[in-house]
Amino acid sequence: MEENNNINSPNQSDEPIHDVIPVSGMYENWFLDYASYVILERAVPAINDGLKPVQRRILHAMKEMDDGRYNKVANIIGSTMQYHPHGDMSIGDAMVNLGQKDLLIDMQGNWGDVRTGDRAAASRYIEARPSKLALDILYNPQTTEWQLSYDGRKKEPVTLPVKFPLLLAQGVEGIAVGLSTKILPHNFCELIDASIKHLKGKSFKLYPDFQTGGMIDVEEYNKGHRGGKVKVRAKIEEYDKKQLVIKDIPFGTTTTSLIESIIKANDKGKIKIKKVVDNTAKDIEILVQLAPGVSPDITIDALYAFTDCQVSISPNACVIVDEKPMFTNVHEILKMNTDQTVDLLTQELEIRKGELLEKILFSSLEKIFIENRIYRDIEECETWEAVIETIDKGLEPFKPQFYREITQEDIVRLTEIKIKRISKFDSFKADELMRKLQEELAQVEHHLANIIDYAVAYFNNLLKKYGEGRERRTEISSIETIAATAVAANNAKLYANYKDGFIGYGLKKDEFISDCSDLDDIIVFRKDGRCVVTKIQDKVFVGKDIIYAGVFKKGDERMVYNLCYLDGKSGRTMIKRFNVTSVTRDKEYNLTKSEKGSKVHYFTANPNGEAEVVTVYLTAGAKARKKVFDFDFAEIDIKGRGAGGNILTKYPVRKIDLKTAGKSTLAGTDIWYDDTIGRLNRDERGFHLGNFNAEDYVIVFYKDGSYELTSFELSNHYNQGQIFSIHKFEPDQVLSVLHQDGESKVVYVKRFTIETLTVGKAFSFINESPNSKLLHISVVDDPKVKITYRKKGERAKSEKEFALAELIDKKGWKSIGNKFPVQNVSKVVEISADKEQDKEDEPAVDPEVLEGLKAEVQKEVEQEETKKEGFDVGSSIDLSSSKSEDEDDEDKPQLGLFE
């Protein structure tokens, strides 16, 4: 046993012990190698062609297989694996992704749908070939740098010689080790336009454009540099009062993911909907059925706030330049790609120039060889060397005219000319061929000398061939920030225990206050004269003796609080009106002047700045003569939260009661309409609609000849593409309308007032036949318009001014009106009141005086011309003898009346 133990013991063994390998440096080196491989060979595109290696190999394999017909994608995948053993699934996915961008691959079969997220059919069922665009911009073996494939059996391109900003057209997204890239796709036509502007030394702008359409806010795009951001929205419209329709979806989403986000938001109570129906076929159409009593405008905002109907995308332009990752922006990428296009075009022209020079050289050699019968001199030569020497000697007198030295290879080519060709040689045809080659050479040299103009023409040709159907799909628009709390559905109920000081949506046995959402902040006022704002919770303690609790709206200046309190320090009763527009959450604010002994006598919260009248009862022992008096809150100004207030009375108060309810003391709200986003606002964006009180409305006139009354809620949505004009509604306002009947094509004029006061319903005020259209509508009392029209039988257009009030009296809103004096109206322009006033301010001139002045001026002109001819006609009539020469000069412009 001891012997065995000794034998097996490592300490007793005579064998050498292996060295221990440290792993500290190993991890560092291997990790760096792996990170470099992923960055350079998998995730980040090269600046030269905008492609990742797998994409480049797919496109190269497609070109190698291309015979004009479609190839099975499975075959293309197999061919691609000759250049690198990517997995067949990864190659297939990369190829489908390339195909769905609809640029480089001509597809056949079911390739999936980027809008719905549907996957492509199996690779054995779908087919592909290079698109015509790809053949034009991607491939040229003569300008391609080649390398051996992974096993050395094949050659593959280092990068493809792409003559177009392909990277920006396709976009790219990749995640590497410690690094990522995200370049958004841009519009094909806009990229070409930007390249042309760069070549001409002009500035340009580039913004993303997505296949899925939608709307994009590019204010913070920052040229696609990292740190930038874009907001992308779906297009949502009212299908009817009970349904919304989503027509476009944001980039990066699908109809499936969008619907799932809507259902999820509904389940969480953020929005209230009844059902979502996906009717997407050729075009996207998702119907959102609203719950009863839910506002469509509020739901639209809620969809943007809580679902994938609005997404924020952060670009991060990172590309491989000279085998290193570089962070840049889309403008620099376009400049580099455009400059590379110019270099590649220059290379192609240089190559073509060399080919033409060689063709001209050999054609000249051939002509000399045949016409000078040099081929007969070699008949007596007995050796190959003698043949070469004889031909070289025969060409000697002509060598100075060639652009390079004549080599032995050139002479060998001459010996390969067949006797049949020599016997049928036509000198005239040879000269004609050389002339054409010379013309082409001159053209190539001209292009090289004017390479920028040539590149501009190349880009214009690309636009002409492939630009049709590639117009911008994503609408560039301003997208306002929507506060989630402002549009969250009321999915909770607020309760309060006033005595014990608890609030929350879990206190169902206590007093109900109002509906709210789980995102709301709650403002609380206590009897000790303090207020606090806190986040709504299931149950939260806010302090005993609550006198008011409600939902807090940040920045709401129309919510006014009326307060009477006892000042604990002086014993006086103070009165104040104030706003609470901004606070720090969970911080207590003292609304009184002193810390101790203060208490609230009277408090109200007034959503529209109402000021009531209260009755003040003093104590029986008070020394005041009048122990009961009234006070109107309207007599004091609205101040800030921290103001001490005014003295109501210095005597002790027993109680304060409400006498009469108050009316609003606030001025109306100024409302503006921003036509870039189709929304109302109070921020002075857009044009001013007017000052609105609670009973006022907005009137919208639509291009289809209908009008609608709406409230002036800032949540209202207006479709800019359908609106003719929008105004503040004035009940007694007379509207003047020009419209064309769809059936008879006759133009009518009508004047009417709005008689329907139903809010939220559209009423048509022109003929409802399919082709009827609204030409003009005016809300001014006496509108004057300039009409551009074409008289019957004439090609030239005429113009005429009309005062619409003189053409027709006011009639009912359903009347068709009177036939307009002129027809075939093409343009209507309203003449502004300012221009009319300017005309009225011009001094009136008697026609007889004008004729007399005109005659006198004409006489003076004739006398001046006669003097020039050398005749003396005596003294001329002085029209302004009492004026100086300078004053006469000032009056001269009036002579233009006679011109």
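Preceding block: the structure.
Residues numbered from 1 in each chain as written. Predicted model: local features only at pLDDT ≥ 70, side-chain atom pairs only at ≥ 80, totals over all residues. Heavy atoms only, no water.

Enquirer: Please explain the overall build of the chain as it appears in this structure.
Expert: Across its full length, the chain holds 21 helices and 47 strands. The buried share among the 899 residues of the chain stands at 43%. Within the chain, counting contacts between residues at least 6 apart in sequence, those at least 24 apart form 66% of the total. Summed over its atoms, the accessible surface of the chain is roughly 50,400 Å², and 47% of this surface lies on carbon and sulfur atoms. (Helix = DSSP H or I, 4+ residues; strand = E, 2+ residues; numbered from the N terminus. Buried < 20%, exposed > 50% of the residue type's maximum accessible area, 1.4 Å probe, protein only. Contact = heavy atoms within 4.5 Å. Areas by Shrake-Rupley, 256 points an atom, 1.4 Å probe, with all protein chains shown as cover.)

Enquirer: Quick question: what am I supposed to make of empty space enclosed by the protein here?
Expert: Unfilled space is identified by rolling a water-sized probe across the atoms. Taken as a whole and judged by the stated rule, the model has two cavities of 30 Å³ or more. In this model, the largest cavity occupies a volume close to 50 Å³. Along the walls of the largest cavity sit Ile575, Lys576, Arg577, Ile636, Asp637, Lys639, Ala643, Gly645 and Asn646, which together make up its complete lining. No other element matches the three residues that strand β26 (residues 573-578) contributes to the lining of the largest cavity. (1 Å grid on protein atoms, 1.4 Å probe; cavity = no way out; pocket = protein on both sides within 12 Å on 5 of 7 lines; lining within 4 Å. Points joined across faces, edges and corners; volume = space filled by probe spheres on them.)

Enquirer: How should I be thinking about the sheet that holds strand β35 (residues 679-681) in this particular structure?
Expert: Hydrogen bonds between backbone groups are what pair the strands of a sheet, and the pairing can be parallel or antiparallel. Strand order in the open sheet made by the three strands is β35-β34-β36, with antiparallel pairing throughout. Looking at strand neighbours, the two that pair on one side only are β35 and β36 (687-692), the edges of this open sheet. In this sheet, adjacent strand axes meet at a mean angle of 30° when their direction is disregarded. Judged from the three bridges that link them, strand β34 (residues 669-674) and β35 form a sheet pairing that is antiparallel. Within β35, the residue paired with Trp672 across the bridge is Asn681. (Pairing = 2+ DSSP bridges. Axes fitted to C-alpha atoms, helices over the stretch in contact; angles between N-to-C directions.)

Enquirer: It is not clear to me how the environment of Asn461 should be interpreted in this structure. Could you clarify?
Expert: Mapping Asn461 onto the fold places it in helix α17 (residues 451-466). Put simply, Asn461 and Ile192 are 269 residues apart on the chain and 10.0 Å apart in space, counted from C-alpha to C-alpha.

Enquirer: In this structure, what is going on with the packing of helix α3 (residues 53-65) against helix α5 (residues 88-100)? I would like to understand it.
Expert: Working note: a packed helix pair is described by the angle between its axes plus the distance between those axes. Two elements in contact, α3 and α5, have axes whose closest approach is 10 Å; the angle formed by their N-to-C orientations is 80°. Comparing their axes, α5 and α3 come out roughly perpendicular. Here Val54, Gln55, Ile58, Leu59 and Met62 of α3 lie close against α5, whose contacting residues are Ile91, Ala94, Met95, Asn97 and Leu98. Classifying every residue of the contact of α3 with α5 gives eight nonpolar, two polar and no charged. (Parallel < 35°, antiparallel > 145°, perpendicular 65-115°, else oblique. Nonpolar A, V, L, I, M, F, W, Y, C, P; charged D, E, K, R; others polar.)

Enquirer: Explanation requested: the sheet that holds strand β20 (residues 511-516) in the structure shown.
Expert: One open sheet holds the four strands; their spatial order is β20-β18-β19-β23, and the pairing between them is antiparallel. Strands at the two margins of the open sheet, each flanked by one partner only, are β20 and β23 (540-541). Note: strand β19 (residues 502-504) against β23, two bridges, orientation antiparallel. In the sheet register, Ile503 faces β23, and the bridge partner there is Val540.

Enquirer: What exactly am I supposed to notice about α3 here?
Expert: Three- or four-residue spacings in an α-helix give side chains the same orientation, since the helix completes a turn every 3.6 residues. Its 13 residues place the ends of α3 18 Å apart at the C-alpha level, agreeing with the 18 Å of an ideal helix rising 1.5 Å per residue. The buried fraction of α3 is high, at 10 of 13 residues. Those residues of α3 not exposed but buried are Pro53, Val54, Gln55, Arg56, Arg57, Ile58, Leu59, His60, Ala61 and Met62. (Expected span 1.5 Å × (residues − 1).)

Enquirer: Whenever I open this one, the packing of aromatic side chains confuses me. Can you help?
Expert: Given two aromatic rings, their pairing is described by the distance between the two centres and the angle made by the two planes. Applying the stated rule across the entire model yields 26 aromatic pairs. Aromatic pair Tyr548 and Tyr561: ring centres 6.4 Å apart, planes at 65°, arrangement edge-to-face. Here Tyr548, found in strand β24 (residues 546-552), pairs with Tyr561, found in strand β25 (residues 560-566); they are 13 residues apart in sequence, far enough to count as distant. On the accessibility criterion, Tyr548 (21% relative accessible area) is partly exposed. Note on Tyr561: relative accessible area 3%, which makes it buried. When the ring of Tyr548 is compared with that of Phe603, the centres are 5.7 Å apart and the planes differ by 45°; the resulting orientation is tilted. Placement of Tyr548 in strand β24 and of Phe603 in strand β28 (residues 599-606) is noted, with a sequence separation of 55 residues between them. Three or more aromatic residues link up through ring pairs in this structure, and these residues are Phe701, Tyr707, Phe752, Phe763, Phe765 and Trp813. Lying across the ring of Phe502, Lys539 places its NZ or CZ 4.6 Å from the centre. Over the ring of Phe692 we find Lys728; its NZ or CZ atom is 5.4 Å from the centre of that ring. (Phe/Tyr/Trp six-rings, centres within 6.5 Å; stacked < 30°, edge-to-face > 60°. Lys NZ or Arg CZ within 6 Å of the ring centre and 35° of its normal.)

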